[in-house]
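This is what each chain is made of:
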Amino acid sequence: YETLCTAQIFLTDARTAEMAKLTENAFRDVNIAFANELSLICDRLRIDVWELIRLANRHPRVKILQPGPGVGGHCIAVDPWFIVAAAPAEARLLRTAREVNDHKPHHVVAQVRAAAAQHAQPVVACLGLAFKANVDDLRESPAVEIAAALADSGLQVLAVEPHVQALPPSLSGKVQLVGLEAALAAANVVVLLVDHRAFGSLTLAALAGKTLIDTRGQIR
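Rules of the game
Residues numbered from 1 in each chain as written. Predicted model: local features only at pLDDT ≥ 70, side-chain atom pairs only at ≥ 80, totals over all residues. Heavy atoms only, no water. Axes fitted to C-alpha atoms, helices over the stretch in contact; angles between N-to-C directions. Helix = DSSP H or I, 4+ residues; strand = E, 2+ residues; numbered from the N terminus. Parallel < 35°, antiparallel > 145°, perpendicular 65-115°, else oblique. Left-handed = near helix turned anticlockwise from the far one by under 90°. Contact = heavy atoms within 4.5 Å. Nonpolar A, V, L, I, M, F, W, Y, C, P; charged D, E, K, R; others polar. Patch = residues over 30% accessible without salt bridge, like charges linked within 9 Å, V, L, I, M, F, W, Y side chains within 5 Å. Areas by Shrake-Rupley, 256 points an atom, 1.4 Å probe, with all protein chains shown as cover. Salt bridge = Lys/Arg side-chain N within 4 Å of Asp/Glu carboxyl O. Core = buried A, V, L, I, M, F, W, Y, C linked by side-chain atoms within 4.5 Å. Buried < 20%, exposed > 50% of the residue type's maximum accessible area, 1.4 Å probe, protein only. Pairing = 2+ DSSP bridges. Arc of directions from axis to C-beta. Polar contact = N/O pair within 3.5 Å; in protein donor to acceptor, adjacent residues only side chain to side chain.

Caption draft 1: Structural context of the packing of helix α3 (residues 79–86) against helix α4 (residues 92–116). Two elements in contact, α3 and α4, have axes whose closest approach is 9 Å; the angle formed by their N-to-C orientations is 140°. With respect to α4, the axis of α3 lies oblique. At the point where α3 passes α4, the crossing takes the left-handed sense. Mapping the contact onto sequence places Pro80, Trp81, Ile83 and Val84 in α3 and Leu94, Arg95, Arg98 and Asp102 in α4. Class assignment for the residues of the contact of α3 with α4 results in five nonpolar, no polar and three charged.

Caption draft 2: Region of interest: the packing of α4 against helix α5 (residues 142–152). Contact geometry of α4 with α5 gives a least axis separation of 9 Å together with a crossing angle of 40°. In terms of axis orientation, α4 runs oblique to α5. By crossing handedness, the relation of α4 to α5 is classed as right-handed. Seen from α4, the contacting residues are Pro105, His106, Val108, Val109, Val112 and Arg113; seen from α5, they are Pro142, Glu145, Ile146, Ala149 and Leu150. Looking at the contact of α4 with α5, its residues break down into eight nonpolar, one polar and two charged.

Caption draft 3: Fine view of a nonpolar patch on the surface. Taken together, the side chains of Ile41, Leu45, Ile47 and Leu52 define a hydrophobic patch exposed on the protein surface, amounting to about 330 Å² of accessible area. Mapped onto the elements of the fold, Leu52 is located in helix α2 (residues 49–56).

Caption draft 4: Representation of the nonpolar core. Ranked by size, the top nonpolar core spans 25 residues in total, and within it Val112, Val124, Leu150, Val191 and Leu193 carry the most contacts. Among the secondary structure elements, those contributing two or more residues to this core are α4, β1 (123–127), α5, β2 (156–160) and β4 (189–192). With seven residues, the single largest contributor to this core is α5. Beyond its immediate stretch of four places on either side in the chain, Val112 contacts Val124, Leu150, Val189, Val191 and Ile213. Counting 15 residues, the second largest nonpolar core, distinct from the first, contains Leu127, Val190, Leu202 and Leu207.

Caption draft 5: Region of the structure containing the sheet that holds strand β3 (residues 176–177). Strand order in the open sheet made by the five strands is β3-β2-β1-β4-β5, with parallel pairing throughout. Sheet topology places β3 and β5 (211–214) at the edges, where each strand pairs with a single neighbour. Here α4 sits on the sheet in contact with β1, β4 and β5, set at roughly 165° to β4.

Caption draft 6: Highlighting the environment of Val71. Along the chain, Val71 turns up in the loop between α2 and α3. Separated by 34 residues in sequence, Val71 and Pro105 have C-alpha atoms that sit 8.9 Å apart.

Caption draft 7: Molecular detail of α2. Buried residues of α2: Val49, Trp50 and Ile53, and no others. The buried residues of α2 occupy an angular sector of 100° when projected down its axis, which confines them to one face. Looking at the buried residues of α2, the elements they touch are α1 (14–45) and β5. For α2, the N-terminal capping position is held by Asp48, with its side-chain oxygen 3.0 Å away from the main-chain nitrogen of Trp50.

Caption draft 8: A look at the pattern of salt bridges. All told, the structure shown has five salt bridges when counted by the stated rule. Among the salt bridges present, the one from Asp102 reaches Arg98, with a minimum N-O distance of 2.8 Å. Taken as a pair, Asp102 and Arg98 lie in helix α4 at a separation of four residues, close to a single helical turn. You can call Arg98 buried: its relative accessible area is 1%.

Below you can see the structure in the form of structure tokens.
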């Protein structure tokens, strides 16, 4: 590593080094799960989770992350399971965090289906398919899972993903990839799944008359 890395290299045994990498991602997963579980609780109690977190984070020792529609990518959503598999009896918190984050897309799907039921001819626009903002990586993306589940339930689903040119196989033939303007013109239910910069100019006024489900708290 010294031939290609200019930073300081910390030596340890191979098992500890591998566990350190897994621990970094598991730590992130647990913290996201706390935020996602708060969002579920706040939905039940009719509390604005974004406002709640903003206020709680004023405490100098509190730094709650932002909730979302789930956890994706090929690291955070995967690595904790290696620890759980290695020590299943002891990794109770890590397993629960994974379960919380894996459940969140199902909660979003239920919210969207309830909103769609309020429209005679629902058309759902899913804004974002990537696993995080401003990338084209769809691996383990909860947004893809949500869009597929909505289409499988019989809803007409339009997807807006400015960072890809084609839909993944799991959505091909079930979901239509369109531009933002076309999606907003056709949809009466709008679901913001990824906080891409391309969606940063959206306002509540621009979405007047539509049902909005903002899983990222971007459109205030």
